[in-house]
Amino acid sequence: MHETPPLSIIIPAFNEADRLPAYLTAILDFFRDHPIEVIVVDDGSQDATASVVADFQHSDKRIQIIRIAKNQGKGNAVKTGMLAAKGDLRLFTDADGSIPIDEYPKLKAAIDAGYDIAIGSKARDGSLEPPANNPWLRQVLRAIFNFLTQRLFINGIIDTQCGFKLFSARASEELFPHLNCKGYLFDLELLTMADKRGFKIKEVPVPWQHMAGGAFNPMRHAWRMAWDLAMLYLKRLRS
C-alpha cells in the first residue's frame, strides 16, 4: 500500500453481512492491480458484518475496517471513514452495490475536468424521472424531497441523496470536519456547505438498482428526515 493511495473507497455498513460480500468482491476485482484503500465503517452492526470484512482482509491488505461500538447513523459513518482516508480521491459508496463500481470512471472524469466533487445521480437523463424499479413509496418521498431541496437549499442538483460521491482530497478535508448531521440528510448538508464554500460540483447520471434489505425504512425514517430537514433549514437561515 502506498502511503498516499490514488483512491480511498469508504463504505458505511450497518448489518450488511449478506449484501456486502458481493460488492467488496466487485470492487476488488475492478481495482485488481491498483493500490487503493477500502475502508469499511461498521456502524454498530449486530450481525456478522465485521467477520465478513475480516475474511476479506486475510486475502487482501487493501481492506480496512473501522468499528463504531454503537449505531450512530450513516452520516457519522461516512464522516468517520472520510476523516480516516488518505487517498488523493475519496469515494463513498453504499454497501449494497446498487450502483456498480464500474461507474467510478465517470465520476473521476469529472474531477479530472476540474470539478472538486462528482456526485452520482439516480435521475435518468438529467430529469426527475425515477428509476423504473424504485418502490412507489420511495418515489413519492423522493419527489417531495427534491421539491423542497430545490427551493430551499441547493437549486440545480437533482439528486442530492445518491450514495455514490467522489471528492478531491482538498474538498474532503475542508468539508467533512464540519459535517454535523449523523443521519440520512448528511448528503444535503454536505452539498449545501460545498456550494456555499465555492466548490465545483458535477452531477453525473449513473444506473441504479433497488436492492432488497438494508437499514433504510421509508415509513420509519421519513419523519426523522423531515425533522432533520427543518433543523437544517433553520441553521441555514441563521448562517
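A quick note: this is a predicted structure, and the numbers were derived from the prediction, not measured. (Residues numbered from 1 in each chain as written. Predicted model: local features only at pLDDT ≥ 70, side-chain atom pairs only at ≥ 80, totals over all residues. Heavy atoms only, no water.)

Caption draft 1: Up close: the sheet that holds strand S5 (residues 117-121). Taken in spatial order, the seven strands line up as S3-S2-S1-S4-S6-S5-S7 in an open sheet, and their pairing is mixed. If you trace the sheet from one side to the other, it starts and ends with strand S3 (63-68) and strand S7 (201-205), each paired once. Across the sheet, the mean angle separating the axes of adjacent strands is 20° when strand polarity is ignored. Relative to strand S6 (residues 164-168), strand S4 (residues 89-93) runs antiparallel, the two being bridged by five bridges. (Pairing = 2+ DSSP bridges. Helix = DSSP H or I, 4+ residues; strand = E, 2+ residues; numbered from the N terminus. Axes fitted to C-alpha atoms, helices over the stretch in contact; angles between N-to-C directions.)

Caption draft 2: The pairing of S5, seen in detail. Most of S5 sits out of view: five of its five residues are buried. Residues Ile 117, Ile 119 and Ser 121 of S5 are buried on one face, and the alternating residues Ala 118 and Gly 120, pointing to the opposite face, are buried as well. (Buried < 20%, exposed > 50% of the residue type's maximum accessible area, 1.4 Å probe, protein only.)

Caption draft 3: Representation of the side chain of Glu 16. Counting through the fold element by element, Glu 16 comes out in the loop between strand S1 (7-13) and helix H1 (20-30). Side-chain polar atoms of Glu 16 contact the side chain of Arg 19, separated by 2.8 Å. (Polar contact = N/O pair within 3.5 Å; in protein donor to acceptor, adjacent residues only side chain to side chain.)

Caption draft 4: Representation of the packing of aromatic side chains within the structure. The final tally for this structure, using the stated rule, is five aromatic pairs. For the ring pair Phe 30 and Phe 31, a centre distance of 4.9 Å and an interplane angle of 85° mean the geometry is edge-to-face. Relative accessible area serves as the criterion here: at 6%, Phe 31 is assigned to the buried category. A centroid spacing of 5.5 Å and a plane angle of 50° characterise the contact between Phe 92 and Phe 186, whose relative ring orientation is tilted. (Phe/Tyr/Trp six-rings, centres within 6.5 Å; stacked < 30°, edge-to-face > 60°.)

Caption draft 5: Looking closely at the pattern of salt bridges. Scanning the model with the defined rule gives 13 salt bridges in all. Arg 19 is paired through a salt bridge with Asp 96; the nearest N and O atoms lie 3.8 Å apart. Of the two residues, Arg 19 sits in the loop between S1 and H1 while Asp 96 sits in the loop between S4 and helix H4 (104-112), which places them 77 residues apart along the sequence. The residues Arg 19 and Asp 96 share a single accessibility class, namely buried. Connected through salt bridges with shared partners, the residues Glu 16, Arg 19 and Asp 96 form a single ionic network. (Salt bridge = Lys/Arg side-chain N within 4 Å of Asp/Glu carboxyl O.)

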